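# Remarks on the overall topology
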Amino acid sequence: MFAKISTRLIVGFGLLLALLLAIVTVGLFSVKDLHQSSERILQQDVAIGDAAQEIRFLVTRTRQKEKDLFLAIGLPDKDLPTLKKEWGELLAELNNSVNHFDRLPLSAELKALAQPMPEQIKAYGDAIDAIYSQIAAAQISTPQQADAALEPSKKPIRELGNNVKQSYDISHRSVLAAQSNIAQQTEQIRRSLLIMGVIALIVGVAAAWLIARSIIQPLAAMQDEIVGAVDRRQGAV
């Protein structure tokens with residue numbers, strides 16, 4: 001009888017332990033998936049968005065320096081070579097940022113937008129270099145002439161700006177979608193653990209009741225046998 005009781009106790013506690021292990025396993029794998037999703041957002045979507053924002057910022061600064069260069073034409077107190085050098089440094093920084101952007105894990109759509117960017121920067125840079133040479137040769141003497149000379153070559157830098165804006169918008173949508181997915185995963189994990197916890201509680205209560213019942217019944221029967229034996233002995237006396 002005691003062997004049966006110990007067997008039932010082992011089975012009951014083993015079942016509870018199995019349920020607890022299942023809950024822990026589901027929780028660990030769910031957290032791992034959540035961590036991977038978060039890492040992907042940080043390493044891909046957010047990084048792509050940050051790189052696109054940096055390119056947009058550098059395009060704005062480069063165009064501003066271009067305007068400063070043109071507005072300095074004919075002004076004796078302005079140092080054109082220094083302004084041209086500063087513009088060139090910004091253009092080089094812009095080119096580096098585009099190269100960095102192209103090395104990121106881009107989707108096919110983003111790769112298509114990034115692919116013409118180096119050529120767009122080169123076309124714009126060559127146009128400014130040609131205009132500066134004309135300024136140095138006194139062939140261009142006013143800001144209006146410089147801007148008119150650049151007008152046919154503004155298309156590449158404008159296309160670059162549009163491509164970068166589209167890239168940022170795509171990455172931003174990806175971040176929002178990933179955040180929504182993480183929120184759904186978190187809610188799913190919460191519900192799964194809650195359901196498994198309730199099931200474990202119900203099974204635990206049921207197992208405890210069955211084990212207690214299986215122990216109490218034999219003990220009660222034994223008690224009855226002992227009482228019966230005592231009564232019979234007393235009756236015999």
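Just above, that's the structure.
The sections below set out a description of the structure shown in this document. On a predicted model such as this, the values are computed, not experimentally measured, just so you know.

## Description of the overall build of the protein
- A count of helices and strands for the protein gives six helices and zero strands.
- Walking the protein from its N terminus toward its C terminus, one meets helices and strands in the order α-α-α-α-α-α.
- The buried share of the protein, taken over its 237 residues, is 30%.
- Pairs at least 24 residues apart make up 81% of the contacts formed inside the protein by residues separated by at least 6 positions.

## What to know about the environment of Ser174
- Relative to the helices and strands, Ser174 is located in helix H6 (residues 154-236).
- Take Ser174: its relative accessible area is 27%, and that puts it in the partly exposed class.
- The spatial distance from the C-alpha of Ser174 to the C-alpha of Gln44 is 9.5 Å, given a sequence separation of 130 residues.

## Looking at unusual backbone geometry
- Even without glycine at this site, Ala138 takes up a positive phi of about 65 degrees.
- Residue placement: Ala138 occurs in the loop between helix H4 (117-136) and helix H5 (143-150).
- Accessibility expressed as a relative area gives 62% for Ala138, which makes it exposed.

## Section: the packing of H4 against H5
- It is at 10 Å that the axes of H4 and H5 come closest, and there the two elements cross at 145 degrees. Relative to H5, H4 is oriented so that their crossing is right-handed. Only Ala146, Ala149 and Leu150 of H5 make contact with H4, whose side of the interface consists of Ala127, Ile128 and Ile131.
- For the contact of H4 with H5, the class distribution of residues is six nonpolar, no polar and no charged.

## Structural notes on the packing of aromatic side chains
- Within the structure shown, the criterion is met by one aromatic pair.
- The lysine or arginine in question, Lys84, covers the ring of Tyr132, its NZ or CZ lying 5.4 Å from the ring centre.

## Describing the nonpolar core
- Counting residues in each nonpolar core, the largest one holds 38 residues, and the members touching the most others are Phe70, Leu94, Phe101 and Leu160.
- If you list the elements that add at least two residues to this core, you get helix H1 (2-71), helix H2 (80-103), helix H3 (108-114), H4, H5 and H6.
- Ignoring sequence-local partners within four residues, the contact set of Phe70 consists of Ile128, Ile131, Pro143, Ala146, Asp147 and Leu150.

## Digging into the pattern of salt bridges
- With the rule as written, the count across this model stands at nine salt bridges.
- The shortest N-O distance in the salt bridge between Arg63 and Glu66 comes to 2.6 Å. You can see Arg63 and its partner Glu66 sitting in helix H1, three residues apart, about one turn around the helix. In this structure, Arg63 and Glu66 share a single accessibility class: buried.
- For the salt bridge of Glu151 with Lys154, the shortest nitrogen-to-oxygen distance reads 3.3 Å.
- Assessed through its relative accessible area of 37%, Glu151 is described here as partly exposed.

## Examining a nonpolar patch on the surface
- A cluster of nonpolar side chains, Leu194, Val198 and Ile202, forms an exposed patch at the surface whose accessible area comes to about 280 Å².
- Along the chain, Val198 falls in helix H6.
- Judged by relative accessible area, Val198 falls into the partly exposed class, the value being 42%.

What counts and what doesn't
- Residues numbered from 1 in each chain as written.
- Predicted model: local features only at pLDDT ≥ 70, side-chain atom pairs only at ≥ 80, totals over all residues.
- Heavy atoms only, no water.
- Helix = DSSP H or I, 4+ residues; strand = E, 2+ residues; numbered from the N terminus.
- Buried < 20%, exposed > 50% of the residue type's maximum accessible area, 1.4 Å probe, protein only.
- Contact = heavy atoms within 4.5 Å.
- Axes fitted to C-alpha atoms, helices over the stretch in contact; angles between N-to-C directions.
- Left-handed = near helix turned anticlockwise from the far one by under 90°.
- Nonpolar A, V, L, I, M, F, W, Y, C, P; charged D, E, K, R; others polar.
- Phe/Tyr/Trp six-rings, centres within 6.5 Å; stacked < 30°, edge-to-face > 60°.
- Lys NZ or Arg CZ within 6 Å of the ring centre and 35° of its normal.
- Core = buried A, V, L, I, M, F, W, Y, C linked by side-chain atoms within 4.5 Å.
- Salt bridge = Lys/Arg side-chain N within 4 Å of Asp/Glu carboxyl O.
- Patch = residues over 30% accessible without salt bridge, like charges linked within 9 Å, V, L, I, M, F, W, Y side chains within 5 Å.
- Areas by Shrake-Rupley, 256 points an atom, 1.4 Å probe, with all protein chains shown as cover.

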